[in-house]
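One-letter residues, chain by chain:
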Amino acid sequence: FVQRKMRRSVRRLYCLGGQVNPSASYNTTTTVRSFASTTNTTATNNPTSGQNLNASSEEVIVKKIGNYSEITLNRPKALNALNLNMVRTLKPIYQNLMQDSSTSFIVLRGAGEKAFCAGGDVRSIYDSVIKPPTTESSNTPPLSRTFFEEEYQLDLLISRLPKPQIAVLSGIVMGGGVGLSIFSRYRIAFPDSLFAMPETGIGFFPDVGASYFLSRMRHGFEYGMYLAMTGHKLSGVDLWKTGIATHFMTKPKFAELQNVLPSLKGAQELESTLNSYSEHHVNVNSTGQMDSVPAETVKLPHLNNIVHVFGQPSLKQIYNELESLTCPSKKL
């Protein structure tokens, strides 16, 4: 009920007659929010044992290409939605690549043209709750617990990679797909990229470290709060403007880039090459921190309204501020 009211109210931000003072100066200082780490468990089914880096399962494919290793999420018919088998396959892959001296960097991508990864496989989790497997013992943790516990451990592992990773954000990038990609040092967006953290739409909360990266948005924590509470979708170059992506380029340029990636070695050479093929880019240091960019290049619609409304200290005040915006009869 609360979410339905919020959705109706948030539409007011997209009205030409919004009555928030556009000249007002609002505090956009980023606040720090906690990101809880998870406990350790051991992943199973290691597909990259020993020195074999060209490994595959039906749902994850790993290839060694020149000086880098490419990981492909391979469930295109399911928009590469992340399931427990994929999580358990990916963890040992990353553990091995961290130790492999022949891999200078990693490229993470999704199979097919529609999605990088549309999120966690919520349907399988839902089904396991509605109709629990009868073959499992009473001591077996439910899938709803096991999946999220191991998914968050994988996200934490990726956030601590000592090598650069390039996340190829082609198509849909949502939920669990954001968790796999957002902590990559380089994140490439395209005209067809579509980002969202839509968890509130199913009564969940933005997870996979969202309280960390959304509170550090380029336009302030208020914009992150807006994305978290509404599930608003960002598309194309807006991923770069908000800092979700570090680079923005066309698909033909990316095809050209792929031809030179195998010969690249050091992080400095990799970043300069990525920059040269991009329409927009930002320099990234070894800890993943991005340089600032001129404010006029990253303007977003309705930013003053969003910063004011979602900078309120409570949900009730946010809702009241939304309701106070006046709106013409035509909804935009």
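For the structure given in this document, a descriptive report is provided here. (Residues numbered from 1 in each chain as written. Predicted model: local features only at pLDDT ≥ 70, side-chain atom pairs only at ≥ 80, totals over all residues. Heavy atoms only, no water.)

1. Points about the nonpolar core
Here's step 1: Counting residues in each nonpolar core, the largest one holds 57 residues, and the members touching the most others are Ile71, Leu90 and Tyr94.
Here's step 2: The element that contributes the greatest number of residues to this core is helix 2 (residues 84-99), accounting for seven residues.
Here's step 3: The contacts of Ile71, once residues within four sequence positions are left out, are Val60, Ile61, Leu90, Ile93, Tyr94, Leu97, Ile106, Val107, Leu108 and Arg109.
Here's step 4: Formed by 17 residues, the second largest nonpolar core is a distinct cluster that contains Tyr68, Ile188, Met249 and Leu261. (Core = buried A, V, L, I, M, F, W, Y, C linked by side-chain atoms within 4.5 Å. Buried < 20%, exposed > 50% of the residue type's maximum accessible area, 1.4 Å probe, protein only. Helix = DSSP H or I, 4+ residues; strand = E, 2+ residues; numbered from the N terminus. Contact = heavy atoms within 4.5 Å.)

2. Describing a nonpolar patch on the surface
Here's step 1: Judged by side-chain polarity, Tyr126, Val129 and Ile130 come together as a nonpolar surface patch covering roughly 330 Å² of accessible area.
Here's step 2: Structurally, the position occupied by Ile130 is in helix 3 (residues 122-130).
Here's step 3: In this structure Ile130 comes out as exposed when scored by relative accessible area, which is 55%. (Patch = residues over 30% accessible without salt bridge, like charges linked within 9 Å, V, L, I, M, F, W, Y side chains within 5 Å. Areas by Shrake-Rupley, 256 points an atom, 1.4 Å probe, with all protein chains shown as cover. Salt bridge = Lys/Arg side-chain N within 4 Å of Asp/Glu carboxyl O.)

3. Here we look at the sheet that holds strand 8 (residues 194-196)
Here's step 1: Strands sit in the order 4-6-8-9 across an open sheet of four strands; the sheet is mixed. Edge positions in the sheet fall to strand 4 (115-117) and strand 9 (234-235), since each of these pairs with one other strand and no more.
Here's step 2: Where strand 4 lies against strand 6 (residues 172-174), two bridges are found, and the strand directions are parallel. Residue pairing across strands places Cys117 opposite Val173, the latter belonging to strand 6. (Pairing = 2+ DSSP bridges.)

4. Details of the sheet that holds strand 2 (residues 68-73)
Hydrogen bonds between backbone groups are what pair the strands of a sheet, and the pairing can be parallel or antiparallel.
Here's step 1: Spatially, 1-2-3-5-7-10-11 is the arrangement adopted by the seven strands of the open sheet, whose pairing is mixed. Unpaired on one side and paired on the other, strand 1 (60-65) and strand 11 (280-281) mark the two borders of the sheet.
Here's step 2: Pairing between strand 1 and strand 2: six bridges, direction antiparallel. Bridge pairing in strand 2 links Ile61 to Thr72.
Here's step 3: Strand contacts of helix 10 (residues 267-277): strand 3 (105-110), strand 5 (165-169), strand 7 (186-189), strand 10 (247-248) and strand 11, with the helix running at about 15° to strand 7, the strand carrying the most contacts. (Axes fitted to C-alpha atoms, helices over the stretch in contact; angles between N-to-C directions.)

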